[in-house]
Amino acid sequence: MSKKLLLTEKEIQIILHRLACQLVENHHDFKSTVLIGIQPRGIFLVNRLVQILKDEYCISDIKVGQLDITFYRDDFRRREDPIAANTTNINFIVENKNVVLIDDVLFSGRSIRAALTAIQSFGRPSAIELLVLIDRRFSRHLPIQPDYRGRQVDVINKEKVTVNWQEKDEKDAVYIINN
């Protein structure tokens, strides 16, 4: 198994600041926008973006949620090992709001499809956008594309993109792993 560094901690920080800037350009004061991180790894990304929005752009009232998609996945009953559910924490209604779904890696699009189904339990948004740190563009099974992307990566299907977050993995880095 080989491991190639794709993004360093500094490069990730630059990308996060660019993504936050793009969000501000499109959503201004976030009064009608909510940010929802997809469990488990989109949570780290949404928390980082919210911190930048608060510190750099003085946007204090941002509604942030965490969405678990476990029971909405199309492969839920097809796996040998059971999938462990995470917590959904959305304490607001998304009715007529602009929802930005946030995840670390966009691969096949199946997780995003599950998130689109799951979010309907919280109301009918006026619009839904997708923000990802890494877009694996040639691996899509569904016609889903991000509105905001940190980095677009072309990898072979056998290769895996792994995002390490300091909060969980002790340092920020993105790797391409070849099995």
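As shown above, the structure is provided for reference.
What comes next concerns the included structure. Quick caveat, the model's predicted, so the values are computed rather than measured.

Conventions and cut-offs
Residues numbered from 1 in each chain as written. Predicted model: local features only at pLDDT ≥ 70, side-chain atom pairs only at ≥ 80, totals over all residues. Heavy atoms only, no water. 1 Å grid on protein atoms, 1.4 Å probe; cavity = no way out; pocket = protein on both sides within 12 Å on 5 of 7 lines; lining within 4 Å. Points joined across faces, edges and corners; volume = space filled by probe spheres on them. Helix = DSSP H or I, 4+ residues; strand = E, 2+ residues; numbered from the N terminus. Buried < 20%, exposed > 50% of the residue type's maximum accessible area, 1.4 Å probe, protein only. Contact = heavy atoms within 4.5 Å. Axes fitted to C-alpha atoms, helices over the stretch in contact; angles between N-to-C directions. Parallel < 35°, antiparallel > 145°, perpendicular 65-115°, else oblique. Left-handed = near helix turned anticlockwise from the far one by under 90°. Nonpolar A, V, L, I, M, F, W, Y, C, P; charged D, E, K, R; others polar. Expected span 1.5 Å × (residues − 1). Pairing = 2+ DSSP bridges.

**Overview of the layout of surface pockets**
- The computed volume of the largest pocket comes to approximately 810 Å³.
- The wall of the largest pocket is formed by 32 residues, among which Pro 40, Arg 73, Asp 103, Asp 104 and Ser 111 lie closest to the centre.
- Going through the elements one at a time, helix H2 (42–57), strand E4 (98–106), helix H3 (110–119) and strand E7 (159–164) are the ones with two or more residues in the lining of the largest pocket.
- Broken down by element, the lining of the largest pocket gets its largest block of residues, five residues, from E7.

**Some thoughts on the side chain of Asn 164**
- Along the chain, Asn 164 falls in strand E7.
- Judged by its relative accessible area of 14%, Asn 164 is buried.
- Aside from chain neighbours lying at most four places away, what touches Asn 164 is Arg 41, Asp 169, Lys 171, Asp 172, Ala 173 and Tyr 175.

**Digging into the packing of helix H1 (residues 9–27) against H2**
- Following both chains from N to C, one finds H1 and H2 inclined at 70 degrees, their axes separated by 9 Å at the closest point. One way to sum up the angle between H1 and H2 is to call them roughly perpendicular. For H1 against H2, the interelement crossing comes out right-handed. Judged by residue contacts, Gln 13, Leu 16, His 17, Leu 19, Ala 20, Cys 21, Leu 23 and Val 24 of H1 engage Leu 45, Arg 48, Leu 49, Ile 52, Leu 53, Glu 56 and Tyr 57 from H2.
- Per-class residue counts for the contact of H1 with H2 are 11 nonpolar, two polar and two charged.

**What about H1?**
- Between its terminal C-alpha atoms H1 stretches 27 Å, which fits the 27 Å expected from 19 residues at 1.5 Å a residue.
- Listed in full, the buried residues belonging to H1 are Ile 12, Ile 15, Leu 16, Leu 19, Ala 20, Leu 23, Val 24 and His 27.
- Looking one or two residues beyond H1, the residue adopting positive phi is His 28, at roughly 50 degrees.

**With respect to the sheet that holds strand E1 (residues 2–7)**
- Ordered in space as E1-E8-E7, the three strands form an open sheet in which the pairing is antiparallel. Each of the sheet's edge strands pairs with one partner strand only, and the pair in question is E1 and E7. Strand-to-strand twist in this sheet, taken as the mean axis angle between neighbours without regard to direction, amounts to 30 degrees.
- Pairing between E1 and strand E8 (residues 173–178): five bridges, direction antiparallel. Bridging from a neighbouring strand, Lys 4 pairs with Ile 176 of E8.
- Packed onto the sheet, H1 meets E1 and E8 and runs at close to 40 degrees relative to E1.

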